[in-house]
Amino acid sequence: MSGPSAAAMVLGRWECDGAVFPLPALNPERLRASLRALEELEARRPGRVTWIGQPHLAERWAWDLALEPGIVDVVASILGPEVLVYATLILTKPPRDPSLVTWHQDGGTSGFNRAPCVSAWIALRDSLPESGCMRVIPGSHALPQLPHVQSRAAHHLLPHNRPEIAVEVDEGAAVDVALRAGEMSLHHANIVHGSRENRTCAPRTGFIVRYVTPAIPAARDPVVRARGSLPCPHLAVRDRPPAPDELMPEDAP
C-alpha cells in the first residue's frame, strides 16, 4: 500500500474507527524468514511459549521487522515524520488453547496515551475468529480512559499485567480483526479490544510493535529510531542494531 490516496484512506479510517485492517505488511519471502527465526527462538525456550517481551532488543530479525520500511511508511501516515519504536511483543496462542485477553485499553495501564501512539499487530501466523483474533469496538478510541481492574480470568494470555475494563462492554458492537499471515492491523492506544480462545489445531501468533513520537515523556527501555532525526535528549535512543554484548535479556518487561 503506497501513495497519497492510500495514506489518506488509512488516516480516515484511523480517525473514524481507531483501527485499520487488514493491511499488507510482509511479502511471502519476508514472512517465511521471520517465521523461521521465530520458530528457532521458540525452540531455544523451554515449555509452552506464549509471550516474548521486547524481542527487538535481543533478536536482530525482530529489530528488522519492527523497522520494516513498508510498515513504518503506513505508521508515518498517521504519526508524521518522526517515528520511534517504543516496545515490541510476541503473543502466541497454541492450538486448542483456552487463553484469552479481556477487554481493555492499552493506554489504561501502559501510559501509551501520553503521546501519539500506533500499535501494529503483524500476523506471523493466521489470526482468525476461530483462532482467537483480536476484537475491537470501533470508535471506542474516542472514549476517555475507562476504569480498569486486574482480571481474574482463569486463562489470561498475559503473564503479568492483566487489565480488564471495570464497566460493561457492548460485545454486540465488537468486530473481529481477522488477519492472514503477512497482514497487519493498526490500532489506537485507547480503543477497547480483547480476544477469545484459539479453537483451531494451528497456533496464532502476532508480532506487536508500539510506535510513538518523540513527544513520549519517558521510556523504561531504549527506543529505536524508525523515521526522522529530531533530537530526543529525554530518551535513550538507538539508531543501529545492538551488538551482541549490548543485547537485552529476553522477556524484558
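Details of the structure are given in the entry above.
Residues numbered from 1 in each chain as written. Predicted model: local features only at pLDDT ≥ 70, side-chain atom pairs only at ≥ 80, totals over all residues. Heavy atoms only, no water.

Q: Could you clarify how one ought to interpret the environment of Val-20 in this entry?
A: Looking at where Val-20 falls in the secondary structure, it is placed in strand β1 (residues 19–24). With sequence-adjacent residues up to four places away left out, Val-20 is seen in contact with Val-10, Arg-13, Trp-14, Met-184, Ser-185 and Leu-186. (Helix = DSSP H or I, 4+ residues; strand = E, 2+ residues; numbered from the N terminus. Contact = heavy atoms within 4.5 Å.)

Q: Is there a simple way to think about the nonpolar core in this case?
A: A general feature of soluble globular proteins is that nonpolar side chains tend to end up buried together. Counting 40 residues, the largest nonpolar core has Trp-61, Ile-122, Leu-124, Met-184, Leu-186, Phe-207 and Tyr-211 as the members making the most contacts within it. Those residues in contact with Ile-122 that sit more than four places away from it in its chain are Ala-25, Leu-26, Ile-71, Glu-183, Met-184, Thr-205, Gly-206, Phe-207 and Val-209. In this structure, Phe-21, Val-101, Trp-121 and Met-134 belong to the second largest nonpolar core, which totals 16 residues. (Core = buried A, V, L, I, M, F, W, Y, C linked by side-chain atoms within 4.5 Å. Buried < 20%, exposed > 50% of the residue type's maximum accessible area, 1.4 Å probe, protein only.)

Q: Can you walk me through the state of the cysteines in this structure?
A: In a disulfide, the sulfur atoms of two cysteines are covalently bonded to one another. Inspection of the entire model under this criterion finds zero disulfides. In this structure Cys-133 is a free cysteine whose sulfur lies 17 Å from that of Cys-201, the closest cysteine sulfur available. Here Cys-232 stays unpaired: no disulfide links it, and the sulfur of Cys-117, its closest cysteine neighbor, is 15 Å away. (Disulfide = S-S within 2.5 Å.)

Q: Can you help me understand unusual backbone geometry in this one?
A: Both trends apply: most residues other than glycine have a negative phi, and most peptide bonds are in trans. Cis geometry is found at the peptide bond from Phe-21 to Pro-22, where omega equals -15°. By secondary structure assignment, the location of Pro-22 is in strand β1. The phi angle at Gln-54 is positive, at roughly 50°, despite the residue not being glycine. With respect to the secondary-structure elements, Gln-54 resides in the loop between β2 (51–53) and α3 (60–66). For Gln-54, a relative accessible area of 4% gives the class buried. Positive phi values are uncommon outside glycine, yet Arg-96 reaches one of about 50°. Here Arg-96 shows up in the loop between β3 (83–93) and β4 (101–104).

Q: Mind showing me how you'd approach the environment of Leu-41 here?
A: Turning to its location among the elements, Leu-41 is positioned in helix α2 (residues 28–43). For the pair Leu-41 and Val-224, spaced 183 residues apart in sequence, the C-alpha to C-alpha distance is 21 Å.

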